[in-house]
Amino acid sequence: MPEVIFTGEKGRLEGRYQPAKTRNSPIAIILHPHPQFGGTMNNPVTYNLYYQFVNRGFSVLRFNFRGVGRSQGSFDHGTGELADAAAALDWAQSVNPDARACWIAGVSFGAWIGMQLLMRRPEVEGFISIAAPASLYDFSFLAPCPSSGLFVHGDKDAVVPTAAVGTLVEKLKTQKGIVIEQQIIPGANHFFDGKTEELMGIVGGYLDKRLPGTRKDSAA
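Residues numbered from 1 in each chain as written. Predicted model: local features only at pLDDT ≥ 70, side-chain atom pairs only at ≥ 80, totals over all residues. Heavy atoms only, no water.

Per an unreviewed UniProt entry, the recorded name for the chain is Alpha/beta hydrolase, and the organism is Azorhizobium oxalatiphilum.

Caption draft 1: Seen up close, a nonpolar patch on the surface. A cluster of nonpolar side chains, L136, V159 and F191, forms an exposed patch at the surface whose accessible area comes to about 290 Å². Its location among the elements puts V159 in the loop between β7 (148–154) and α4 (162–173). (Patch = residues over 30% accessible without salt bridge, like charges linked within 9 Å, V, L, I, M, F, W, Y side chains within 5 Å. Areas by Shrake-Rupley, 256 points an atom, 1.4 Å probe, with all protein chains shown as cover. Salt bridge = Lys/Arg side-chain N within 4 Å of Asp/Glu carboxyl O. Helix = DSSP H or I, 4+ residues; strand = E, 2+ residues; numbered from the N terminus.)

Caption draft 2: Focus on the nonpolar core. In terms of nonpolar packing, the biggest core is built from 41 residues, with F6, I29, C145 and F151 touching the most fellow members. For C145, the contacting residues outside a window of four places in its chain are M115, L118, M119, F127, L172, Q175, I178 and I180. I30, Y50, L150 and M200 belong to the second-largest nonpolar core, a separate cluster that totals 28 residues. (Core = buried A, V, L, I, M, F, W, Y, C linked by side-chain atoms within 4.5 Å. Buried < 20%, exposed > 50% of the residue type's maximum accessible area, 1.4 Å probe, protein only. Contact = heavy atoms within 4.5 Å.)

Caption draft 3: Structural detail: the pairing of strand β1 (residues 3–8). Residue alternation in β1 divides its side chains into a buried set, V4, F6 and G8, and an unburied set, E3, I5 and T7. Here β1 folds back onto strand β2 (residues 11–18) in antiparallel fashion, the turn holding 2 residues. (Pairing = 2+ DSSP bridges.)

Caption draft 4: Representation of the pattern of salt bridges. Under the counting rule described, the total for this entry stands at 13 salt bridges. Ionic pairing is found between R16 and E3, a salt bridge with its closest N-O pair at 3.9 Å. With a gap of 13 residues between them, R16 in strand β2 and E3 in strand β1 connect regions that are remote in the sequence. Among the residues examined, E3 registers a relative accessible area of 52% and is labelled exposed. In this structure, R70 and E14 form a salt bridge, with 3.2 Å as the shortest nitrogen-oxygen distance. Taken together, the positions of R70 in the loop between β4 (59–63) and α2 (79–95) and E14 in strand β2 put the pair 56 residues apart, joining distant regions of the chain. Look at R70 and you get partly exposed, because its relative accessible area is 43%. You can call E14 buried: its relative accessible area is 5%. Residues joined by salt bridges that share partners form a network here, namely E3, E14, R16 and R70.

Given below as structure tokens:
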């Protein structure tokens, strides 16, 4: 799991990068929860998401948003963090010029940033949004949502009500040309405490359905 430093809008950003073994493998970018509430690239859900993609032959990058860990800059309420995510994708593409596709996966605040990046980068063909903060941030920019993907939420989430995500998902499901799926995990809170294994089972199953034949024997 090589440590990497790449250039962002406000200076260096630190990340962890696992290159794929084949040149044309897809890229995945993993985005962590809110920087001001303890979110880092080593968040357990973020970490496990990283390996779901590594184990399916992706070149995968997770990184710290500005002001987190050794990443330079300071929290910018989403605007700067979106620029960080774009810089991460730019870097990953620069070292994978033959990559055939890209996926975005985000957790909570990272899911909001990821969906914004999805709107700006047509090469992103799939997304995973975990605990999407639909009641805290405006997701109306998804008009239309350009790619198919998966939302996963816990029914005991005290930060973002399940109903708020359900409303967003139902709105997106009316759009033609994409398939939006949602899974609810009983007993899971916003952080998926004690439910990470079940969460990763859902994510892995979705990836295997979308990307048949990519799973390796190793497990996250």
